[in-house]
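Secondary and tertiary structure notes
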Amino acid sequence: MKSLQRDRRYRVALFTSFCVACASCVAASSTGSTIAQSRVWTTHEGKQAPKNVILLIGDGMGPEQVKAAGMYAHGTPGKLSFEQFPHQGEVTTYSANNSITDSAAGGTAIATGVKVNNGVISMAIPGDGQPLKTVLEKYQAAGKSAGLVTTTEMTHATPAAFAAHQQGRSQQAEIAQQYLNTTRPEVLFGGGGAGMSPKAAKSAGYTVVINRQQMQALDTETVTRVSGQFGQGHLPYESDGVGDLPHLREMAKTALNILDNDPDGLFLMIEGGRIDHAGHENHLQRNVMETLQFAETVAEVFKWAENNPDTLIIVTADHETGGLKVLKNNGQGQFPQVSWSSHDHTGANVGIYGWGPNSDQVSGTMENTDVFYLLLGQQYVTGD
Ligand SMILES: [Zn+2]
């Protein structure tokens, strides 16, 4: 958190010294969106890649969401699990056609290293319209097992960007088809329906589980492909109670125990998908509880990584939602006083936190597209 704040001050200083009264800069700084200097990355992808790569995305989790959750949980910001990671920075979020991204373009930027138009799932639009190879697909080609875990519908935009290719995020039936029959990640844990069905998953060779008990009864040493279809639609909010469905932390733990049977390693994307929904609702309690479950999930992943050397963990967000601003810390166990300025996404930069091999490439202000190269184990050769 400290480095985030320092970087932000540095950037503001640059703005005032070089572009006084420049209308576009004033507009950009008012939304918090800044264009980072482009980095050039080494191209020996795969060669130096970590054995295990785990990416956690808090959908809609801007710096103020992190701060509010930290105040509630610890009485002070800066103490959440991922805020202890050694390498921290911030990430731009704008898409190819909008200063404010949606989760499809935000997920695609991280998954493929290319900024696309809002709504697009990992295809070159603008561009030649061809599918863009994702980090998950690249690691599958390198022999690793792969998984997607989310609290939203399984076929929602963020996970889809890693294992599907569609012109529009609403093509959820087609996204499910591509998951089950084309990319075939070993683990697919998320909300059911929206294109997914137990029948389709079973006929594609997946073991299907539909609640926590079934998920935890899996023999994670022998099962090979699992589709967790938990309820219909998104999973419930943490603060509403998840009933007999699993928490994000539990899904992540089971996913790791399944994927880590592969001697070549794993790629796993875990999304705290409903931080965003609570932000759209301007619902602080839900927002904080979703963010804290996400932080607990990072802690669970960290526990696993400590026993599995050569693991890179990257924690970031695709965008901020709600224009949240913390006004006053009310101490541990109390929700801080806040204001919201939007019911939609904003153009604010978001945090990025790294632990493990190659995480030293996290620094300063990065483009969201840089995260792709970072995940592949590349190092930047020029840029800030
Ligand atoms: Zn949203």
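Below you will find a few notes about this structure. All values reported here derive from a predicted model rather than from experimental measurement.

What about the overall build of the chain?
The helix and strand inventory of the chain stands at 13 helices and 15 strands. Burial status across the chain gives 55% buried among its 384 residues. For the chain, restricting intrachain contacts to residue pairs at least 6 apart in sequence, the fraction spanning at least 24 positions comes to 72%.

Things to note about the pairing of strand β8 (residues 266–272)
Counting buried positions along β8 gives seven out of seven residues, so the element sits mostly inside the fold. Here β8 shows no split at all, with L266, L268, I270 and G272 on one side and F267, M269 and E271 on the other all buried. Summarising the sheet, strand β2 (residues 52–60) and β8 pair through seven bridges and their orientation is parallel. What sits directly across from L56, in β8, is I270. The pairing of strand β4 (residues 145–153) with β8 spans six bridges and is classified as parallel. Looking across to β8, one finds that S145 is bridged to L266.

Some points on the nonpolar core
If you look at the biggest cluster of nonpolar residues, it comprises 99 residues, and the most contacted ones within it are A255 and L268. With eight residues, the single largest contributor to this core is helix α12 (residues 284–306). Once you skip the residues sitting within four places of it in the chain, A255 turns out to touch G147, V149, V187, F189 and L268.

Notes on unusual backbone geometry
In terms of backbone geometry, most residues other than glycine have negative phi values and most peptide bonds are trans. Following I125, the chain continues into P126 via a peptide bond in cis, with omega recorded as 5°. Inspection of the secondary structure puts P126 in the loop between α4 (103–112) and α5 (135–141). A positive phi angle, close to 50°, is found at S122, a residue other than glycine. In this structure S122 comes out as buried when scored by C-beta crowding, with 27 C-beta atoms within 10 Å.

Some details on the environment of L324
Looking at where L324 falls in the secondary structure, it is placed in the loop between β9 (311–321) and β10 (325–328). With 42 residues separating them in the primary sequence, L324 and N282 have C-alpha atoms 8.2 Å apart. Dropping the residues within four chain positions of it, L324 is found in contact with G62, E64, Q65, A68, G279, V338 and W340.

Here is what the cut-offs are and how they apply
- Residues numbered from 1 in each chain as written.
- Predicted model: local features only at pLDDT ≥ 70, side-chain atom pairs only at ≥ 80, totals over all residues.
- Helix = DSSP H or I, 4+ residues; strand = E, 2+ residues; numbered from the N terminus.
- Buried ≥ 20, exposed ≤ 12 C-beta atoms within 10 Å, placed from the backbone.
- Contact = placed C-beta atoms within 7 Å.
- Pairing = 2+ DSSP bridges.
- Core = buried A, V, L, I, M, F, W, Y, C linked by C-beta atoms within 7 Å.

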